[in-house]
Amino acid sequence: MIKVRNLKKSFGDTLVLKDVNAEISKGEVISIIGPSGTGKSTFLRCLNLLEVPDSGEIQFQSKDLLADSTDISLVRQKMGMVFQAFNLFEHLTVIHNLTIAPIKLLGMSKSKAHKKAIETLKKVGLTEKADSYPDELSGGQKQRVAIARCLMMNPEVILFDEPTSALDPTMVGEVLSVIKNLAKTGMTMVIVTHEMDFARDVSDRVFYMDQGIIFENGSPEQIFESPLTIEADVFINRIKNFHYSIKSRNYDLYALNAEIVTFAERQFLNKLLIERIELVTEEIIQMYLDNSATVDAELEIAYSGKKKQLQIILNYKGSKHDVFEMSDNAISRKLLESYTDKIEYEYLGDNRIVLFVKLDHIDH
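Residues numbered from 1 in each chain as written. Predicted model: local features only at pLDDT ≥ 70, side-chain atom pairs only at ≥ 80, totals over all residues. Heavy atoms only, no water.

Caption draft 1: Structural context of the nonpolar core. Core analysis: the largest hydrophobic core is formed by 35 residues, its most contacted members being Leu121, Ile147, Ile158, Phe160 and Met189. Counting only elements with at least two residues in this core, the list comes to α3 (94–105), α4 (110–123), α5 (139–151), β7 (157–161), α6 (169–184), β8 (188–192) and α7 (196–202). With seven residues, the single largest contributor to this core is α6. Of all hydrophobic cores here, the second largest spans 34 residues; its members include Leu273, Ile274, Ile285 and Tyr316. (Core = buried A, V, L, I, M, F, W, Y, C linked by side-chain atoms within 4.5 Å. Buried < 20%, exposed > 50% of the residue type's maximum accessible area, 1.4 Å probe, protein only. Helix = DSSP H or I, 4+ residues; strand = E, 2+ residues; numbered from the N terminus.)

Here it is, written out as structure tokens:
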């Protein structure tokens, strides 16, 4: 139904889409996930030429959308779009928001449009709001009206650009439920979303986008359970990383702790857990300094909110030597054991100690 080849798009000197290739079949539900600023919304807007690509090819029902002969207004009638903002006409009632386009663009009679609008509002659970104005609706209700307005044009594909991003968390569920019900009808949909559980439940396939390309394309099970790339794994499991180089015995502990605090607060970790991270980090570094002839180490803190796991990792050069086992500081060893679930050591040309910090009894 939709074929995309070698799609590229820049804004000024910024290359947003580098080389996007994709195929979407009739009846498929595709979710597009990935970090912010990686081209997801731009890709979606290119599909119906709200953004014109710099180069590449887009085919919709075997029609070249970039050909001069293509009437893009007709294409957009078949490829509807629901935006982050609701884009409703504030001076019109809900029923008039739904009927204005079918009457003007499709030549539908007022009576037929009105009847269809009532039927469509019923599908999204808003029949009683037909005569209300947008400012009388909640955010979730506005987005459901926007979906209903899109359905009024009998689209063959609906593009959703982060349809819940502007909503209060309490209203997200009502909009996602409507989209799930649409999926059951066989509607072809392409959805840019940050709702991972929703993407997993509703999708036939998931595209993981990063750095202006589609890094991975697979079933929800494959993408969410066994991602093939490090980039997808880091994103899906919400792994956030902190790095710090230790090249001197006189490293700046205060500067290190300040950076740890900044990193941890960005992950919304609380004060008790931050103090635990600082303490474990200082102790393992000191063990390293006490038991290594030279100093050349890399500290990493890896936090996954989804896995509820926090690792402090010390990679250091030299021959095989486990500085934790070598340490004769019984107090430090006991402290680290009490604040971690486990401590792992491996040697693969370089030394590596991984400390799994305990998160129990800490509301993070």
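Caption draft 2: Here's a closer look at the packing of aromatic side chains. The final tally for this structure, using the stated rule, is four aromatic pairs. With 6.3 Å between their ring centres and 80 degrees between their planes, Tyr208 and Phe215 make a pair best called edge-to-face. Note on Tyr208: relative accessible area 0%, which makes it buried. The class for Phe215 is partly exposed, based on a relative accessible area of 24%. Between Tyr288 and Tyr316 the ring centres are 5.0 Å apart and the planes differ by 45 degrees, which places this aromatic pair in the tilted class. With Tyr288 in helix α11 (residues 271–290) and Tyr316 in strand β13 (residues 309–316), this pair connects stretches of sequence that are 28 residues apart. (Phe/Tyr/Trp six-rings, centres within 6.5 Å; stacked < 30°, edge-to-face > 60°.)

Caption draft 3: Geometry of unusual backbone geometry. Although it is not a glycine, Asn87 adopts a positive phi angle of roughly 55 degrees. Here Asn87 falls in the partly exposed class, since its relative accessible area comes to 43%. At Phe268, a residue that is not glycine, the phi angle is positive and equals roughly 60 degrees. Its place among the elements puts Phe268 in the loop between α10 (253–266) and α11.

Caption draft 4: Geometry of the sheet that holds strand β5 (residues 63–64). With antiparallel pairing, four strands are arranged side by side in an open sheet as β2-β1-β4-β5. The open sheet has two free edges, formed respectively by β2 (14–24) and β5, since each of these has just one partner strand. With seven bridges joining them, strand β1 (residues 2–11) and β2 adopt antiparallel strand pairing. Note that in β2 the partner of Phe11 across the bridge is Thr14. Where helix α1 (residues 40–47) meets the sheet, its contacts fall on β1, β2 and β4 (55–60), and the angle it forms with β1 comes to roughly 120 degrees. (Pairing = 2+ DSSP bridges. Contact = heavy atoms within 4.5 Å. Axes fitted to C-alpha atoms, helices over the stretch in contact; angles between N-to-C directions.)

Caption draft 5: Expanded view of the side chain of Gln77. Looking at the element boundaries, Gln77 is found in helix α2 (residues 72–78). For Gln77, a relative accessible area of 18% corresponds to the buried category. Once you skip the residues sitting within four places of it in the chain, Gln77 turns out to touch Leu105, Leu106, Met153 and Pro155.

Everything listed is a geometric property; what it means functionally is a separate question.
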